[in-house]
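Chains, contacts and geometry: an overview
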Amino acid sequence: MVPAAMLALVLQASPAPAAQPAPAPPPATEIYLATIEPSTDGNVRVGTPENISTNPGYDNQPFFLRGGAAVMFTSMRDGKQTDIYEYTIASRALKPLTTTAESEYSPTATPDGRFSVIRVESDGTQRLWACPAGGGAPSLLLTDVKPVGYHAWADADTLVLFVLGEPATLRIADAVTGKAEVVAERPGRCLARTPDGKVSFVQKGPGKEPWQIVELDAATKKMTPVTEALEGREDYAWLPDGRLLMASGSRIFLWGKDNRVKVWQEVADLASAGIGNITRMAVSPDGKKLALVADSTEKPK
C-alpha cells in the first residue's frame, strides 16, 4: 500500500493524459445541378452548374427521384448529424425527408417506391434501413449485415452492398432472407445500377494494377470488366445510352462503349464556375440532368 504523502508526489509528477483529438468534421461539400446536352462532336456538353444545397456544411450522395423531377441527398444542417433532404427542381423547394436523432446516408430509391438509407444507429452500428417515400419512421431491412457503407438495388429482392472492414467487401444480399454473400474484396464506394440492369463498382485491388470499373450480374455473380477508371478516382455515373462520366478535379470526362478508341475524353472544366474536386455524380433517368458533389471555390459575396 502506497503512503498518502508518496501517492500525492507520484500523482503530481505523473504527466496529464494526452487529450484525444476531436474527430475530423465531414468535408464542406455542396450539391450542384447542371444540364447535359449532346454536342456536335458526338460527346456531351455540360451546362453551368447551380448550387441546390446552399448549405455551408456537408452535402453529398445525390440520387434522382420521380423520373428526374427531384434530387434527394445527404445533408448535415446542425453540425451534429445528417438527414436526407429532397430538392424539387421545378419549384426549387427544399425539404427534409428524415428528421431523426440518428444519421442517415446514401439515399437510394427502392423498387417498391420507398427509399433506403445507411443509418448510423445510436450505438454506432451502420445498417440498411428503408423509409416511406413521403418521409416517416425508418424500418430495418437487413438485421445482421453490418457495417454497411454503401448499397445499390439489383432488383426488388436483391441488393449489392459495400461492407466496411479490412479489407472492405462487396456482398450480394437477399432482402427477404437477410442473407449476404461476399463476391469481391476491395471495391470502391460507388455502386450504381447500369442501363442494362446490372450493378457496377470499381475494383481497387489487390495489387497496383489500374482500378477497373466492373459490371456485376447479381443473378449469376458474373463480373465483366468495362474500362479502366481515371487514375485514383472511384466515383462515376452512367448515361442512359451506356456511356460513363467520371471527374478529376474540376474536369468531367466521358467514356463510351461504341467509341473506336475507348479512352476518357474531357467534356467540361468547371473551374471557371468556381467548382473543384468533383466526387459523386448522378444522372437523371432521361440523361438530361447531372447532379454532382464538389468543393466550392467561390468566394462569399
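About the cut-offs
Counting restarts for each chain, with residues numbered from 1 along the sequence as it is written. It should be noted that, the model being predicted, local features are given only for residues of pLDDT at least 70 and side-chain atom pairs only at 80 or more, the latter also being counted only at that level, while totals for whole chains, interfaces and linings use all residues. Side-chain numbers here rest on the full set of heavy atoms in the structure, without hydrogens or water. One requirement defines pairing of two strands: DSSP has to find at least two bridges between them. Numbering goes from the N terminus for both helices and strands, where a helix is a DSSP run of H or I of at least four residues and a strand is a run of E of at least two. Every axis corresponds to a line fitted to the C-alpha atoms, with the helix fit spanning only the stretch in contact, and the corresponding angles, defined between N-to-C directions, vary from 0 to 180 degrees. For this analysis, a nonpolar core means a set of buried residues of the types Ala, Val, Leu, Ile, Met, Phe, Trp, Tyr and Cys, connected via side-chain atoms within 4.5 Å. The cut-offs for exposure are 20% and 50% of the maximum accessible area for each residue type, with area from a 1.4 Å probe on protein chains only; residues under the lower value are buried, those over the upper are exposed, and the others partly exposed. Residue contacts are defined here by distance: any two heavy atoms, one from each residue, within 4.5 Å place the two residues in contact.

**Regarding the sheet that holds strand 15 (residues 180-185)**
Strand order across the open sheet formed by 4 strands is 12-13-14-15, with antiparallel pairing between neighbours. Strand pairing shows two members of the sheet lacking a second neighbour, strand 12 (148-155) and strand 15, which therefore form its edges. In this sheet, neighbouring strand axes are inclined to one another by 25° on average, regardless of whether the strands run parallel or antiparallel. Where strand 13 (residues 158-163) lies against strand 14 (residues 169-174), 6 bridges are found, and the strand directions are antiparallel. Bridge assignment links Val160 to a residue of strand 14, and that residue is Ile172.

**Notes on the nonpolar core**
Judged by nonpolar contacts, the single largest core of 21 residues is most densely connected at Leu245, Ile252, Ile278, Met281, Leu290 and Leu292. Residue assignment for this core shows that the elements contributing at least two residues are strand 1 (29-38), strand 2 (44-46), strand 21 (244-248), strand 22 (251-255), strand 23 (265-269), strand 25 (281-283) and strand 26 (289-296). Beyond its immediate chain neighbours, meaning those up to four positions away, Ile252 contacts Val46, Leu245, Met246, Ala247, Gln265, Glu266, Val267, Ala268, Leu270, Ile278, Leu290 and Leu292.

**Considering the pairing of strand 7 (residues 93-96)**
Of the strand pairs in this sheet, strand 6 (residues 82-88) and strand 7 are connected by 4 bridges, and their pairing is antiparallel. Note that in strand 7 the partner of Tyr85 across the bridge is Pro96. Hairpin connection, strand 6 to strand 7: the antiparallel pair is bridged by 4 residues, and Arg92 has positive phi, about 60°.

**Quick notes on the environment of Ile252**
Summarising the element assignment, Ile252 is placed in strand 22. Residue Ile252 is classed as buried on the basis of its relative accessible area of 0%. Taking the C-alpha atoms as reference points, Ile252 and Tyr236, separated by 16 residues in sequence, lie 9.8 Å from one another.

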